[in-house]
Amino acid sequence: MEHLQTQGISLPRLGLGTYRMQGDVCRAAVESALALGYRHIDTAEMYGNEDAIGAAIAAAAVARKDLHVTTKVWNENLAPDAIRRAFDASLKKLKLDHVDLYLVHWPATNMNLPAMFETLLRLKEEGRTRAIGVANFNIALLKTVVEEIKAPIACNQVEYHAMLDQTRLRKYLAAKAIPLVAYCPLAQGRAASDQTLAAIGRKHGASAAQVALKWLLDQDGVAAIPKASRSESQRANLDALHVGLDDEDRQAIAGLPKDKRFVNPGFAPAWD
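Residues numbered from 1 in each chain as written. Predicted model: local features only at pLDDT ≥ 70, side-chain atom pairs only at ≥ 80, totals over all residues. Heavy atoms only, no water.

A. Representation of the environment of Ala140 within the structure. Within the fold, Ala140 resides in helix H5 (residues 139-148). Judged by its relative accessible area of 45%, Ala140 is partly exposed. Residues Ala140 and Asp246, spaced 106 residues apart in sequence, show a C-alpha to C-alpha distance of 34 Å. (Helix = DSSP H or I, 4+ residues; strand = E, 2+ residues; numbered from the N terminus. Buried < 20%, exposed > 50% of the residue type's maximum accessible area, 1.4 Å probe, protein only.)

Spelled out as structure tokens, the structure:
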């Protein structure tokens, strides 16, 4: 598995997303993924599944040093004291003494960015999270965090797939050597039925979803966390790493409409 190096951590470029997985289904999915070779598990306070993931990790025969775990603080808990309470609760549910990456899940309109990142940095200094980062931050917010506050951001996790253009954001992140972690990398399942992607897949003996995933992972500084509860889907996503796309394929994918955003809560800031 290829890794991205960022802020002192080694981030596997393909991870398991767990949004909307709950209870025994979530635990079984994480156990399956770890058995198949996944070493990057993504969760969040808001998902309500950290306890199930903690149970799966505890049951797995994987050394902690070989595992990357990301969790996130919800945007209602961005006051310094609330961040600490949320972090403590997440760590307890995950049954871990530290996480590898702790993210601000969504920006909030009334957030105090300097106070937030001072708190996050303290958690890092205490060794309770190895790195900190953000999710769903646009370029304007990133400029404040990176250029004014100078916070050591290890990634920005955003919706990104073959049907959504993130060129401007990617260029900014690349200039700052900050990875982009793509959630919804298969466009919430829509990639699987796209005819252009399917045609490229037939050429390579792959599925449309595998083509969409490899298109992302071929890009410098991009990781992806597709959600997959079934072991067959998890294995197919791993196998996407072996698909070899050529310039003709990339040109065809570039021609797809790039204006499809599927996740955009009302409290999110305006995107550039």
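B. How the structure looks around the layout of surface pockets. Of the voids in this model, the largest pocket is the one considered here, and its volume is about 800 Å³. As for the largest pocket, its lining consists of 36 residues, and the residues nearest its centre are Tyr19, Tyr183, Cys184, Gln188 and Lys227. Put simply, the parts of the chain that give the lining of the largest pocket at least two residues each are helix H8 (208-217) and helix H9 (231-239). Per-element tally for the lining of the largest pocket: the top contributor is H9, with three residues. Split into classes, the residues belonging to the lining of the largest pocket amount to 20 nonpolar, 12 polar and four charged. (1 Å grid on protein atoms, 1.4 Å probe; cavity = no way out; pocket = protein on both sides within 12 Å on 5 of 7 lines; lining within 4 Å. Points joined across faces, edges and corners; volume = space filled by probe spheres on them. Nonpolar A, V, L, I, M, F, W, Y, C, P; charged D, E, K, R; others polar.)

C. Broad picture of helix H4 (residues 113-125). Taking 1.5 Å as the rise per residue, H4 with 13 residues should run 18 Å; its terminal C-alpha atoms sit 18 Å apart, in good agreement. For H4, every residue scored as buried is listed here: Leu113, Ala115, Met116, Phe117, Thr119, Leu120 and Leu123. Looking at the buried residues of H4, the elements they touch are helix H3 (80-94), strand E6 (101-104), strand E7 (132-135), H5 and strand E8 (153-159). Regarding H4, its N-cap is Asn112, as a side-chain oxygen of that residue lies 3.2 Å from the backbone nitrogen of Ala115 further along. (Expected span 1.5 Å × (residues − 1). Contact = heavy atoms within 4.5 Å. Polar contact = N/O pair within 3.5 Å; in protein donor to acceptor, adjacent residues only side chain to side chain.)

D. Spatial organisation of the sheet that holds strand E5 (residues 68-73). The strand order across the open sheet formed by eight strands is E3-E4-E5-E6-E7-E8-E9-E10, and the pairing between neighbours is parallel. A single partner strand is all that each edge strand has here, and the edge strands are strand E3 (16-17) and strand E10 (222-224). (Pairing = 2+ DSSP bridges.)

E. Up close: the pairing of strand E2 (residues 9-12). Relative to E2, strand E1 (residues 3-6) is paired through four bridges, and the arrangement is antiparallel. If you follow Gln5 over to E2, its bridge partner there is Ser10.

F. Focus on the nonpolar core. Tyr102, Phe117, Phe137 and Ile253 are the most contacted members of the largest nonpolar core, which has 77 residues in total. Ranked by residues supplied to this core, first place goes to H8 with eight residues. Those residues in contact with Tyr102 that sit more than four places away from it in its chain are Thr71, Lys72, Val73, Ile83, Ala86, Phe87, Leu120, Leu123, Thr129, Ala131, Ile132 and Gly133. Within the second largest apolar cluster, 16 residues are counted, among which are Leu4, Leu101, Ala131 and Ala223. (Core = buried A, V, L, I, M, F, W, Y, C linked by side-chain atoms within 4.5 Å.)

G. Just the pattern of salt bridges, in detail. Under the definition given, this model contains 18 salt bridges. Notably, a salt bridge pairs Asp100 with Arg130, separated by 3.1 Å at the nearest N-O pair. Separated by 30 residues along the polypeptide, Asp100 in the loop between H3 and E6 and Arg130 in the loop between H4 and E7 bring together distant segments of the chain. Residue classification places Arg130 among the partly exposed positions, given a relative accessible area of 38%. As a salt-bridge pair, Asp259 and Lys260 come within 3.0 Å of each other at their nearest N and O atoms. The class for Asp259 is exposed, based on a relative accessible area of 59%. The exposure class assigned to Lys260 is partly exposed, which follows from its relative accessible area of 34%. (Salt bridge = Lys/Arg side-chain N within 4 Å of Asp/Glu carboxyl O.)

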